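Analysis of the macromolecular model
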Amino acid sequence: QVNVVESGGGSVPAGGSLRLSCTASGSTFSLNPIAWFRQVPGKQRDFVASIDNGSHFYADSVKGRFTLSRDDAKNTLDLEMNALKPEDTGVYYCRARSATRPVTHHWGQGTQVTVSS
């Protein structure tokens, strides 16, 4: 049993900010959130940001505006989104990875972010 949950989505005017949070847990193995993706209906799911061995990676479209933060004690991965634009609108999904082998990846159900002009 695995559980990946995103929260913090909502509606905000252009230029506003939102902070998304992802929590992940597994009943028989540890599960760690590692990345955020987003998707607009009719479009592919696109990479937004990820963390790997302490290094942060961002899509060019969000670089300088979005910031990842990890809380090891709570096993959460937050995405601080600033200076939001209408094109940031979409469903934001958290991707989590098992901490032990075999490596498995899991998606959350997503949280809606709507940025109005």
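To be clear, the structure that these remarks concern was listed above.
A few points on the structure. (Residues numbered from 1 in each chain as written. Predicted model: local features only at pLDDT ≥ 70, side-chain atom pairs only at ≥ 80, totals over all residues. Heavy atoms only, no water.)

A few words now on the side chain of D88. With respect to the secondary-structure elements, D88 resides in the loop between β8 (76-81) and β9 (90-98). Excluding residues that lie within four positions of it along the chain, D88 makes contacts with R38, V62, R65, F66, A83, V113 and V115. (Helix = DSSP H or I, 4+ residues; strand = E, 2+ residues; numbered from the N terminus. Contact = heavy atoms within 4.5 Å.)

Before going further, it helps to spend a moment on the packing of aromatic side chains. According to the stated counting rule, one finds 3 aromatic pairs in the structure shown. Aromatic pair F37 and F47: ring centres 5.8 Å apart, planes at 80°, arrangement edge-to-face. Residue F37 is located in strand β4 (residues 31-39), and its partner F47 is located in strand β5 (residues 46-52); the two are separated by 10 residues in the primary sequence. When its relative accessible area of 17% is taken as the criterion, F37 is described as buried. (Phe/Tyr/Trp six-rings, centres within 6.5 Å; stacked < 30°, edge-to-face > 60°. Buried < 20%, exposed > 50% of the residue type's maximum accessible area, 1.4 Å probe, protein only.)

Glancing now at the pattern of salt bridges. Under the defined criterion, the tally for this structure stands at 7 salt bridges. The salt bridge partner of D88 is R65, with a shortest N-O separation of 2.8 Å. Linking D88 in the loop between β8 and β9 with R65 in the loop between β6 (55-58) and β7 (66-71), this pair joins segments that are 23 residues apart in sequence. The residues D88 and R65 share a single accessibility class, namely buried. A salt bridge links K74 to D71, with the shortest nitrogen-to-oxygen separation between them at 3.9 Å. Looking at K74, the relative accessible area reads 57%, which means it is exposed. On the basis of relative accessibility, which here comes to 29%, the residue D71 falls in the partly exposed class. (Salt bridge = Lys/Arg side-chain N within 4 Å of Asp/Glu carboxyl O.)

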